[in-house]
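One-letter residues, chain by chain:
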Amino acid sequence: MSTIFTSGLICPLDKNNVDTDQIIPKQFLTSVSRDGFAEALFYDWRYLADGSPNPEFVLNYPQYQGASILLTRANFGCGSSREHAPWALQQYGFQVIIAESFADIFFNNSVNNGMLLIQLSKTNIELLFNRCAQGSQHWQIDLASQEIMFGNNAAMGFNIDADIKQRLLSGLDFIGSSEQLASQITAYEQQRKASMPWLG
Amino acid sequence: MGQTLYQKIYQSHVVGKLNPSTDLLYVDRHLIHEVTSPQAFSGLRLAGRKVRRTDLTFATMDHNVSTQRRSLDAAGETSRKQLEALAENCAESQIPILDLTHPDQGIVHVIGPEQGLTQPGMIIVCGDSHTSTHGAFGALAFGIGTSEVEHVLATQTLPQQQAKTLKVEINGELSPHVTAKDVIMAVIGELGTAGGNGYVAEFCGETIRALSMESRMTLCNMSIEMGAKAGLIAPDEITFAYLEGKAHAPGAEHWSAAVSYWQSLQSDSDAVFDKTVVIDASTIAPQVTWGTSPEQVIAVDTPVPAPESFSDETKRHAAERALQYMGLTAGQKLTDCKVDVVFIGSCTNSRIEDLRAAASVVGTKKVAAGVRALVVPGSGIVKRQAEAEGLADIFKNAGFEWREPGCSMCLGMNDDRVAAEERCASTSNRNFEGRQGRGARTHLVSPAMAAAAAIAGKFVNIAKGDWA
Ligand code: SF4
């Protein structure tokens, strides 16, 4: 099995505090399906008021078409808990997001959809943005060895929670793994009813 | 070593371990609404799973509903589909729902406490980030995504890792006209929107103890805006008095046992927090946000800051961009700034106490010419009470629109929006770009400040008293 999680083009989004209202504006949240959100990604930045693509937004630059790794800055994904945000990013083609930090709920939502979120120090994020400034980049992300590989033997390591790494590598079913504790759940419910009957 | 309140609640909900760092926690209440649940129900169906505890799951319609008419299609076709999907999913799984025909329908974070569903010591989740509101009761309450909603529906549990603990101690007396909203905005201004990332915040201190439940909810509601996973306030007599007699609160047969358990829900005196912040409430003035992030906030009569005043490069860039979006210049006073729209509502500030505060500022005065002003009560219960107390008449006579309960202009998913470049004084919780409508300029304020802005047609310092 290949340990390469993703191999692809980087799109640098040089912004802090990108909130989920920006990632996917509310008018796209009325869907009852899980698909069809790629077009809505970064809608207000990506399109001009007349609906045409905004040539000044980085996602629309010709050199970043087909990108699968998003590089950004601090506190990415803050705000609303809408899982439509990771859905839109993933359906657009992003499998990996590299940032200085992520908001908690967004982080969990992304992992639950099998995306890899890499958190790096401010210095390392700066180094990556500098690389991008030199021309379009194509990196490989090796999850097993926890490395971003730039080619020519250059690489940068990253940390990841052991549990999340395991889940991503094995592709474990989120609900299924908890269901394995079914008898413990039942036991907890019985004890809860006995000691705090008002809880229901 | 003692335990913090968060650690006590966490420990008492551990069902088992999934691996060395992840526990499976039991969920006491699962609140659902139309926007973040449809995909969870279809996921369940696809996998052939059922809702495990329909009796611990409660639904409401709020994000998408029209606040003008009580009809599923009143906010448009796509909204209707989503509302119908929720109704169908709840009917199929036999989940109780406060739909548009129910007299108590309202915003999920208003109805939970009102119905007595929110109780101390519980773990409460909802597919909505402002679930932190329920922490005001000493419940561990946090927002989850749709995959997690599906997980909770199926198992009534959620995998979690222990968060770090942050103590926010607030002492001192609040100045007149300074509210819980101003306090939490000032705290966010100090800590930043990412200051609480990875932490559960416990608010304590004499200022907090003196707050009503409504004010505590306002405070905990916005703890997510500083990035905290949840906000918590230890329960006390004020909490118990609020809950007694509520529809789903423990009945007489269990009441004293419940209260004695709730009384144990305090951080131990020797508990160690990972981080502590101490704030002097007496120094806080009425707050207004000037930018596009809740941390871009100032006392109402201080000038809008210059980007150069931020030593941090990131904050400097953010300030430049925010000023441009908001149509403001550095040094300008917000008290010189005209408002076009005033919104009093949202899960932050749509409770009875908020409406009383706003109405007392309005009195017999009128909304300024050219200002569109809305009051949207948080629930049917709030609405009826406000009508009974005469607050609704005060608003209507002044020229405010008096609406049906819902999220409304907080995020403009229905038809209540702020137009591009319009300036809105809003009692909601997010001033992000485009939150209230594309190009809309949102300034977060307290209900009293919003009411005053509606009357004066611009922001005013209500603490001064000579504004109208
Ligand atoms: S009022 Fe606003 S913040 Fe609160 S639940 Fe509704 S949309 Fe979310």
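Keep in mind that this is a model prediction, so the values were computed, not measured.

Before going further, it helps to spend a moment on the pattern of salt bridges. Residue and element names in this part refer to chain A. In this structure the tally under the stated criterion is 31 salt bridges over all chains. We note a salt bridge from R73 to D14, for which the minimum N-O separation is 2.4 Å. Here R73, found in the loop between β2 (69-71) and α3 (84-92), pairs with D14, found in the loop between β1 (4-12) and α1 (20-23); they are 59 residues apart in sequence, far enough to count as distant. Owing to a relative accessible area of 12%, R73 belongs among the buried residues under this scheme. Judged by its relative accessible area of 52%, D14 is exposed.

The biggest cluster of nonpolar side chains holds 109 residues, and the ones touching the most others in it are F42, F76, L89, I98 and I148 of chain A together with F395 and F400 of chain B. Among the elements that make up this core, the one with the highest residue count is helix α15 (residues 447-456) of chain B (eight residues). Viewed by domain, this core spans two of them, domain 1 (5-263) and domain 2 (286-456) of chain B, each represented by three or more residues. For F400 of chain B, the contacting residues outside a window of four places in its chain are I344, V362, V367, A373, L374, V375, F395, A451 and A454 of chain B. Y6, L117, I124 and V149 of chain B belong to the second largest nonpolar core, which has 88 residues in total.

Quick look at unusual backbone geometry now. Residues and elements named next belong to chain A. Unlike most non-glycine residues, N75 shows phi in positive territory, near 60°. Structurally, N75 is set in the loop between β2 and α3. Of note, the phi angle at Q146 is positive, near 55°, even though the residue is not glycine. Relative to the helices and strands, Q146 is located in the loop between β5 (138-142) and β6 (147-151).

Attention now moves to the environment of G143 of chain B. On the secondary structure map, G143 of chain B appears in strand β7 (residues 140-143). Separated by 11 residues in the primary sequence, G143 of chain B and S132 of chain B place their C-alpha atoms 7.0 Å from one another. Excluding residues that lie within four positions of it along the chain, G143 of chain B makes contacts with I105 of chain A together with C126, D128, S129 and T131 of chain B.

Let us look at the site of the ligand. Residue and element names in this part refer to chain B. Close to the ligand lie H63, H109, D128, H130, S346, C347, C407, C410, L411, N429 and R435. More than half of the atoms of the ligand fall within 2 Å of the grid points belonging to the largest cavity. Of the residues that make up the shell around the ligand, three or more belong to each of domain 1 (5-263) and domain 2 (286-456).

Before going further, it helps to spend a moment on empty space enclosed by the protein. Considering all chains together, one arrives at three cavities of 30 Å³ or more under this definition. Estimated volume of the largest cavity: approximately 220 Å³. Surrounding the largest cavity, 22 residues form its lining, H63, D128, H130, L411 and R435 of chain B being those nearest its centre. In terms of residue class, the lining of the largest cavity is made up of seven nonpolar, 11 polar and four charged. For the lining of the largest cavity, the domains that each give at least three residues are domain 1 (5-263) and domain 2 (286-456) of chain B. What the second largest cavity holds in volume is close to 40 Å³. Lining the second largest cavity are D104, I105 and N108 of chain A together with F142, G143, I144, E148, Q160 and K229 of chain B.

Residues and elements named next belong to chain A. Reading across the sheet, the seven strands line up as β4-β3-β2-β1-β5-β6-β7 and stay open at both edges, with mixed pairing between neighbours. At either end of the open sheet lies a strand with only one pairing partner, and these are β4 (116-119) and β7 (154-157). The average undirected angle you get between the axes of adjacent strands in this sheet is 25°. Pairing analysis gives three bridges linking β1 to β2, with the strands arranged parallel. Residue pairing for β2: P12 is matched across the bridge by L71.

Accessible area lost upon the coming together of the parts is a frequently used measure of interface size. With 74 residues of chain B in contact, the opposing surface of chain A contributes 57 residues. Here chain B and chain A share an interface that buries about 5100 Å² over both sides, 52% of which is from carbon and sulfur atoms. In this structure, the connection of chain B to chain A is made through eight salt bridges. One salt bridge in this structure joins R435 of chain B and D21 of chain A, with 3.2 Å as the shortest N-O distance. Across the contact surface, chain B and chain A share 34 residue pairs in polar contact (both at pLDDT 80 or more). Taken together, the elements giving at least two residues each to the side of chain B that touches chain A come down to β1 (14-19), β2 (22-26), α2 (38-47), α3 (77-93), α5 (146-155), β8 (157-160), α10 (252-263) and α11 (313-326) of chain B. Top element by residues in the side of chain B that touches chain A is α5 of chain B. It accounts for seven residues. For the side of chain B that touches chain A, the class distribution of residues is 23 nonpolar, 33 polar and 18 charged.

The space that makes up the second largest pocket amounts to roughly 910 Å³. Forming the boundary of the second largest pocket are 32 residues, of which D104, F107, N108 and I164 of chain A together with Q161 of chain B lie nearest the centre. Looking at the lining of the second largest pocket, the elements with two or more residues in it are α4 (104-112), β4 and α6 (162-170) of chain A together with β8 of chain B. Counting residues per element, the lining of the second largest pocket draws most heavily on α4 of chain A, at five residues. The class makeup of the residues in the lining of the second largest pocket is 12 nonpolar, 13 polar and seven charged.

In this section: the UniProt feature "binding site: [4Fe-4S] cluster" (unreviewed entry) in chain B. Residue and element names in this part refer to chain B. Under the local residue numbering, the UniProt record ascribes the feature "binding site: [4Fe-4S] cluster" (unreviewed entry) to C347, C407 and C410. What stands out for the annotated residues spanning 64 residues is how close their C-alpha atoms remain, the widest pair being 8.7 Å apart. As for the annotated residues named above, the ones lining the largest cavity are C347, C407 and C410. By the secondary structure assignment, C347 is in the loop between β15 (341-344) and α12 (352-362). For C347, the contacting residues outside a window of four places in its chain are I107, H109, V110, H130, N221 and N429. Locating C407 in the fold gives a position in the loop between β17 (401-402) and β18 (423-426). Accessibility expressed as a relative area gives 7% for C407, which makes it buried. With residues up to four places along the chain from it excluded, the contact list for C407 reads D62, H63, I107 and F343.

Time to look at the state of the cysteines. Residue and element names in this part refer to chain B. Summed over the entire model, instances satisfying the criterion amount to zero disulfides over all chains. No disulfide involves C126; its nearest neighbouring cysteine sulfur is the one of C347, lying 9.7 Å away. By relative accessible area, which is 0% here, C126 ends up buried.

Scoring rules and cut-offs
Residues numbered from 1 in each chain as written. Chains lettered and ligands numbered in written order. Predicted model: local features only at pLDDT ≥ 70, side-chain atom pairs only at ≥ 80, totals over all residues. Heavy atoms only, no water. Salt bridge = Lys/Arg side-chain N within 4 Å of Asp/Glu carboxyl O. Helix = DSSP H or I, 4+ residues; strand = E, 2+ residues; numbered from the N terminus. Buried < 20%, exposed > 50% of the residue type's maximum accessible area, 1.4 Å probe, protein only. Core = buried A, V, L, I, M, F, W, Y, C linked by side-chain atoms within 4.5 Å. Domains from an automatic or database assignment. Contact = heavy atoms within 4.5 Å. Near = heavy atom within 4 Å. 1 Å grid on protein atoms, 1.4 Å probe; cavity = no way out; pocket = protein on both sides within 12 Å on 5 of 7 lines; lining within 4 Å. Sits in = over half its atoms within 2 Å of the grid points. Points joined across faces, edges and corners; volume = space filled by probe spheres on them. Nonpolar A, V, L, I, M, F, W, Y, C, P; charged D, E, K, R; others polar. Pairing = 2+ DSSP bridges. Axes fitted to C-alpha atoms, helices over the stretch in contact; angles between N-to-C directions. Buried area = accessible area lost by both parts, 1.4 Å probe. Polar contact = N/O pair within 3.5 Å; in protein donor to acceptor, adjacent residues only side chain to side chain. UniProt positions renumbered as here; feature names shortened; annotations may be inferred. Disulfide = S-S within 2.5 Å.

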